[in-house]
Amino acid sequence: MVGYDPEAKCVSAVEAAAAGSASGLVTRVLVSPLDVLKIRFQLQIEQLSSRNPTAKYHGILQAVQRIFREEGLAAFWKGHVPAQFLSVGFGAVQFMAFESLTELVHNVTSFDARHSFVHLVCGGLAACTATVAVQPMDTLRTRFAAQGEPKIYPNLRHAVVTMYQTEGPQTFYRGLTPTLVAIFPYAGLQFFFYNILQQFSKWVIPAEAKYGASIKDLLCGSCAGVVSKSLTYPLDVVKKRLQVGGFEHARAAFGQVRTYGGFLDCMRQIMREEGPGGFFKGLSPSLLKAAFSTGLIFFWYELFCGLLCALKSPESTKRKEG
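Residues numbered from 1 in each chain as written. Predicted model: local features only at pLDDT ≥ 70, side-chain atom pairs only at ≥ 80, totals over all residues. Heavy atoms only, no water.

Q: I would appreciate a short explanation of empty space enclosed by the protein in the present structure.
A: Rolled over the atoms, a probe sized like a water molecule indicates the empty space that remains. For the structure on display, the rule yields three cavities of 30 Å³ or more. Estimates place the volume of the largest cavity at around 730 Å³. Lining the largest cavity are 38 residues, with Arg28, Phe90, Ile183, Tyr186 and Lys289 sitting closest to its centre. Of all the elements in the fold, those that place two or more residues in the lining of the largest cavity are α1 (13-43), α3 (80-108), α4 (116-146), α6 (176-201), α7 (210-243) and α9 (283-312). In terms of residue class, the lining of the largest cavity is made up of 16 nonpolar, 13 polar and nine charged. (1 Å grid on protein atoms, 1.4 Å probe; cavity = no way out; pocket = protein on both sides within 12 Å on 5 of 7 lines; lining within 4 Å. Points joined across faces, edges and corners; volume = space filled by probe spheres on them. Helix = DSSP H or I, 4+ residues; strand = E, 2+ residues; numbered from the N terminus. Nonpolar A, V, L, I, M, F, W, Y, C, P; charged D, E, K, R; others polar.)

See the structure below:
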């Protein structure tokens, strides 16, 4: 169902956008706590270890307990409104672009639109398109998830106005360069591995086993998410560090803060002060999030596309007429 299939095409680009946005909305609600943990870990300068007395967070369980004790249960959904705009918008643009690009490949080239390498390239390009469209929401989401108590930004409107007035419109695109550098291989590899795993799973699960097919979509998406996230994670850390530039005063309660001059300067400072391990801070919650979010995104997308196809089927039309 993911990508153009000339033998079983029943979802238009607009319907793909609708299914993509719906899958993003449902998934975001479920994985938001892991996203907050990942961002907190990525932004911490101090080593993530209980042996470091100055480190605020040491591990997943300790961080969960501390955030809950200091900020309450709602803290795990900080920045949820901009995050939902991000997920809904990204899902809509990404899947609409992906379906359109794979169809274009089928119509104007000799390549098979269902080939894994076509999915790699089209998936990367679709994600870049979606990233440019929703980058401001990603920056807002990061700032909300990063701030402690008392809050610098009490609501979304205040955040947008304050950031625009004090830092200018360019602040909404902080970290765009590492984001684009990271998102092309990350998303491309997601679609690439999902396609390969789906083809492999056809040998294991019969096409008639609908329940098994749903579990298959979830597992294939989860595995694709873990592999792609592991390969591209350092760039995600750099992006998050750049997105909170100019926001250092709100991070004082979390430990040390740094100011970065750009993409390369950020990488140099992380390597010099934190070593290679600094590029993998927050990897554990990030992999958990990647497994859940990517698996659920493909699961819900396939499910919603299946429902749309079922609604357009002749049997469904006859029942409505009857």
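Q: Looking at this model, I keep getting lost on the packing of aromatic side chains. Mind explaining?
A: Where two aromatic rings form a pair, the distance of their centres and the angle of their planes describe that pair. The full count for this structure, using the stated rule, is 13 aromatic pairs. Geometrically, the ring pair formed by phenylalanine 98 and phenylalanine 191 is stacked, given 4.1 Å between the ring centres and 25° between the ring planes. With phenylalanine 98 in helix α3 and phenylalanine 191 in helix α6, this residue pair connects regions lying 93 residues apart in the sequence. The same class applies to phenylalanine 98 as to phenylalanine 191, namely buried. On the basis of an interplanar angle of 75° and a centroid distance of 5.1 Å, the ring pair of phenylalanine 299 and tryptophan 300 is categorised as edge-to-face. Take tryptophan 300: its relative accessible area is 21%, and that puts it in the partly exposed class. One residue, lysine 229, lies across the ring of tyrosine 186, its end atom 4.5 Å from the ring centre. (Phe/Tyr/Trp six-rings, centres within 6.5 Å; stacked < 30°, edge-to-face > 60°. Buried < 20%, exposed > 50% of the residue type's maximum accessible area, 1.4 Å probe, protein only. Lys NZ or Arg CZ within 6 Å of the ring centre and 35° of its normal.)

Q: Honestly, a nonpolar patch on the surface in this entry has me stumped. Any pointers?
A: Together, Leu25, Val29, Leu30, Phe68, Leu73 and Trp77 make up a nonpolar patch on the protein surface, roughly 570 Å² of accessible area in all. Take valine 29: it is sitting in helix α1. (Patch = residues over 30% accessible without salt bridge, like charges linked within 9 Å, V, L, I, M, F, W, Y side chains within 5 Å. Areas by Shrake-Rupley, 256 points an atom, 1.4 Å probe, with all protein chains shown as cover. Salt bridge = Lys/Arg side-chain N within 4 Å of Asp/Glu carboxyl O.)

Q: What exactly am I supposed to notice about the packing of α1 against α3 here?
A: To describe two helices that pack against each other, one gives the angle between their axes and the distance between the axes. Running from N to C, α1 and α3 point in directions that differ by 145°, and their axes come no closer than 7 Å. The two elements α1 and α3 cross, and the hand of that crossing is right-handed. For the pair α1 and α3, contact is made by Ala13, Ala16, Ala17, Gly20, Ser21, Ser23, Gly24, Leu25, Arg28, Val29 and Ser32 and by His80, Ala83, Gln84, Leu86, Ser87, Val88, Gly91, Ala92, Phe95, Met96, Glu99 and Ser100, respectively. Here the residues of the contact of α1 with α3 sort into eleven nonpolar, ten polar and two charged. (Axes fitted to C-alpha atoms, helices over the stretch in contact; angles between N-to-C directions. Left-handed = near helix turned anticlockwise from the far one by under 90°. Contact = heavy atoms within 4.5 Å.)

Q: It is not clear to me how the state of the cysteines should be interpreted in this structure. Could you clarify?
A: Any covalent bond linking the sulfur atoms of two cysteines counts as a disulfide. Under the criterion given, the structure shown has zero disulfides. Not part of a disulfide, cysteine 223 finds its nearest cysteine sulfur in cysteine 220, a span of 6.9 Å. Of the residues examined, cysteine 223 reaches a relative accessible area of 44% and is grouped as partly exposed. (Disulfide = S-S within 2.5 Å.)

Q: Teacher, can you tell me more about the layout of surface pockets here?
A: In this structure, the second largest pocket occupies an estimated 200 Å³ of space. Of all the elements, α3 adds the most residues to the lining of the second largest pocket, at three residues. Per-class residue counts for the lining of the second largest pocket are nine nonpolar, four polar and four charged. When residues of the lining of the second largest pocket are assigned to domains, at least three fall in each of domain 1 (1-77 + 281-303) and domain 2 (79-173). (Domains from an automatic or database assignment.)

Q: Where do I start with the nonpolar core in this structure?
A: Soluble globular proteins: nonpolar side chains tend toward being buried together. Counting 20 residues, the largest nonpolar core has Val2, Phe95, Phe98, Phe191, Tyr194, Phe298 and Tyr301 as the members making the most contacts within it. Only α1, α3, α4, α6, α7 and α9 provide two or more residues apiece to this core. Ranked by the residues each element gives to this core, the list is headed by α9, at five residues. Contact partners of phenylalanine 98, with chain neighbours within four places excluded, come to Val2, Gly3, His119, Cys122, Gly123, Ala126 and Phe191. Of all hydrophobic cores here, the second largest spans ten residues; its members include Cys128, Ile183, Ala187 and Ala290. (Core = buried A, V, L, I, M, F, W, Y, C linked by side-chain atoms within 4.5 Å.)

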